[in-house]
Amino acid sequence: MRAILVRPPAAGVELGDVPLPALSPGSVRVGVLECGVCGTDHDIMSGRYGKAPSGDPYLVLGHENLGRVLEVASGVTGFVRGDLVVATVRRGCGRCRFCRTNRSDFCETGLYTERGISGAHGFMADEYVEIPEYLVRVPPSLRPVAVLLEPLSVVEKAVFQGQRVLDRKEPTPGDPKTATPTALVAGTGAIGMLATFVLRVRGYEVVAIDRHGEETLAATLLGLVGARHANVAGGMQALGDQTFDLVIEATGSVALDFSLIDRLGPNGVLVLTGIPDAGEPPASVAGGALLRDLVLGNQAIVGSVNANRTYFESGLRDLTVFEERWPGAAPRMVSARRPFEEYRTVLTSRTPGTIKSVLTVRPDGALAPPGSP
Ligand SMILES: [Zn+2]
Ligand SMILES: [Zn+2]
C-alpha cells in the first residue's frame, strides 16, 4: 500500500510502498480518509523528533487521522464496516499505574510509543490495523470536522487541566467580578483556535492573540464565536493592562511564554501546550520578580501534552456543540484539503492563512459501502 515515510533522525519525506497490515485477531482494519498536518509532522520531517518502530528502517508519518472501518475480526463488537473512526495516538508502556488504567497521557516511564511520531507507524497510508480500545467511533454528522478530533483532544485535556487548577479556589456565587471567567489564548493555529472554541463553549470571555491583522480566516472565525482578536506583532501592549484567569499557550515560543506569565490575574493559571525548541539559546528573565509574583498571586504554570480517550470523547461532544452554536464555523478550520499525491507540497510548505491543512488519503466514495451515510 501507499504510505508517507520518514527515516528519523534523517530529514526528508518520501512516498513509499509498504506491506498491507494484516487483520490480527481482536482488531479492526481501517481505510484512511484524511490526515491532518501539524507542527509535530514538520519537526519529524526536519529530523528534530520522531523514531521508527524497532526493527523498521522507516516510520509511517501521520497522527491526526480519520478513517472508515473496512473489516472487523470475528468476535470484535462495537464496530461495523463503514463506521467512521478516529484512532488515538499514544500506546502506553504497560508498566506504570497510569498506562495500566488507560491514562497513558500521564505515563511515568516514558516508554510509551506514539503512532506516526515515535516507535509506531502512523496513519498517512491507505490502511492501518488497530484494536478497538484505541478507536473512537464518530457519528456521520461529524464527517466534515472529525479530522480535527485528535488536535481537539489535546486542547480538551489542556483546558480541563487548567480548569482543575483554577478550581483550587472556592467559587464565589453572585460576585459580579468573578461571574464571567476570562481567558487568553496565545496562537491562532489549529490548537489555539480549537481552544478558543472550547473556552467559549465553557463560558469564558476570550481574547486570542497572533501576529496578524483582521484579514485572516482566524480573525474571522474568532469574531464568529464571539472572541476578541488582538494583533501583538507590535508587542503585548496591544492587550493594555488586561490580565486573565486562564491562559492557554499554543505557540512554543519561549520569549512569548515568559511574557504570558505577566498576563495572569490573581490565582490565574497558564497552561503550556506548545513545544519549544530545546536548542534555543537561554532566555533572559527577571527571575526574582517572576517567581515572587507567582507566589504572591497564587498562580500556576502547567504543562499539558497528549490526551487519553476521555478527551477524544469530550471532543466529540464539543464538535457537536460547535456546530449547534456556530453552524459551519468549525469546518472552516480545515482550510485546505489536498490529494495524497500532493503530499510533498502539503507537508513542506505552509500556506499563509491556513489553520489546518489536511491530506486526503482516499476519497470517501472508495471506502463507504453501499447504503452507508
Ligand atoms: Zn498534531
Ligand atoms: Zn506508562
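Fair warning: this is a prediction, and the values are worked out from it, not measured in the lab.

J.: Please clarify how the overall build of the protein should be interpreted in this entry.
T.: For the protein, the helix and strand inventory stands at 8 helices and 19 strands. Relative to the 2.2 N^0.38 estimate, which gives 21 Å for 373 residues, the radius of gyration of the protein is 21 Å and therefore close to what a compact globule would have. Once the C-alpha set of the protein is aligned to its principal axes, its extents read approximately 60 × 45 × 45 Å. The buried share of the protein, reckoned over its 373 residues, is 52%. Expressed as a percentage of contacts within the protein between residues at least 6 apart in sequence, the contacts between residues at least 24 apart total 70%. If you sum the accessible surface of the protein, you get close to 16700 Å²; carbon and sulfur atoms cover 54% of it.

J.: Hey, could you run me through the environment of L184 in this one?
T.: Structurally, the position occupied by L184 is in strand β12 (residues 182–186). When the C-alpha positions of L184 and R211 are compared, they lie 15 Å apart, and in sequence the two are 27 residues distant. Not counting chain neighbours up to four residues away, the residues in contact with L184 comprise V207, I209, L239, F244, L246, V247, I248, L260 and R263.

J.: I keep staring at the coordination of the zinc ion (ligand 1) and nothing clicks. Help me out?
T.: Six octahedrally arranged donors around a metal ideally form angles of 90 or 180 degrees; four tetrahedrally arranged donors ideally form angles of 109.5 degrees. Binding of the zinc ion (ligand 1) to the protein goes through C38 (SG), H63 (NE2) and E64 (OE), at separations of 2.1 to 2.2 Å. Each donor residue of the zinc ion (ligand 1) belongs to the same chain, and together they define the spacing C-x24-H-E. There is no split in this pair, since H63 and E64 are both buried.

J.: What should I look at first to understand the packing of helix α3 (residues 190–201) against helix α7 (residues 309–325) in this one?
T.: Describing two packed helices takes the angle between their axes plus the distance from one axis to the other. Remark: α3 packs on α7, axes separated minimally by 10 Å, with the N-to-C direction vectors making an angle of 75°. Put simply, α3 runs roughly perpendicular to α7. Contacts between α3 and α7 involve L194, F197, V198, R200 and V201 from the former and D318, V321, F322 and R325 from the latter. Classifying every residue of the contact of α3 with α7 gives 6 nonpolar, no polar and 3 charged.

J.: Explain the domain arrangement of the protein to me, please; I cannot follow it from the model alone.
T.: On domain assignment, one finds that the protein holds domain 1 (2–148 + 334–366) and domain 2 (154–303). Between domain 1 and domain 2, the C-alpha centre-to-centre distance is 29 Å. Domain 1 puts 8 residues into the contact, and the matching count from domain 2 is 11 residues. On the domain 1 side of the interface with domain 2, the three residues burying the most area are F106, L148 and I355, jointly 58% of the side's total. Our count for the contact surface shared by domain 1 and domain 2 stands at 1 salt bridge. Across the domain 1-domain 2 interface, the total number found is 1 residue pair in polar contact (both at pLDDT 80 or more). For the side of domain 1 that touches domain 2, the residue count by class is 3 nonpolar, 2 polar and 3 charged.

J.: Teacher, can you tell me more about the packing of aromatic side chains here?
T.: Inspection of the entire model under this criterion finds 6 aromatic pairs. Each ring, one from F123 and one from Y128, has its centre 4.7 Å from the other, and the planes form 70°; the classification is edge-to-face. Accessibility classification places F123 together with Y128 in one group, the buried group. When the centroid spacing of 5.4 Å and the interplanar angle of 75° are considered together, the rings of F197 and W326 count as edge-to-face. One end of the pair, F197, is in helix α3; the other, W326, is in the loop between α7 and β18 (334–339), and 129 residues separate them in sequence. You'll find F197 and W326 in the same group, each marked buried. One aromatic cluster in this structure is built from F197, F322 and W326. We note R91 situated over the ring of Y134; from NZ or CZ to the ring centre the distance is 3.9 Å.

Rules behind the numbers
Residues numbered from 1 in each chain as written. Chains lettered and ligands numbered in written order. Predicted model: local features only at pLDDT ≥ 70, side-chain atom pairs only at ≥ 80, totals over all residues. Heavy atoms only, no water. Helix = DSSP H or I, 4+ residues; strand = E, 2+ residues; numbered from the N terminus. Rg over C-alpha atoms; globule rule 2.2 N^0.38 Å. Buried < 20%, exposed > 50% of the residue type's maximum accessible area, 1.4 Å probe, protein only. Contact = heavy atoms within 4.5 Å. Areas by Shrake-Rupley, 256 points an atom, 1.4 Å probe, with all protein chains shown as cover. Donors = N, O, S within 2.8 Å, 3.2 Å for Na, K, Ca; no water. Axes fitted to C-alpha atoms, helices over the stretch in contact; angles between N-to-C directions. Parallel < 35°, antiparallel > 145°, perpendicular 65-115°, else oblique. Nonpolar A, V, L, I, M, F, W, Y, C, P; charged D, E, K, R; others polar. Domains from an automatic or database assignment. Buried area = accessible area lost by both parts, 1.4 Å probe. Salt bridge = Lys/Arg side-chain N within 4 Å of Asp/Glu carboxyl O. Polar contact = N/O pair within 3.5 Å; in protein donor to acceptor, adjacent residues only side chain to side chain. Phe/Tyr/Trp six-rings, centres within 6.5 Å; stacked < 30°, edge-to-face > 60°. Lys NZ or Arg CZ within 6 Å of the ring centre and 35° of its normal.

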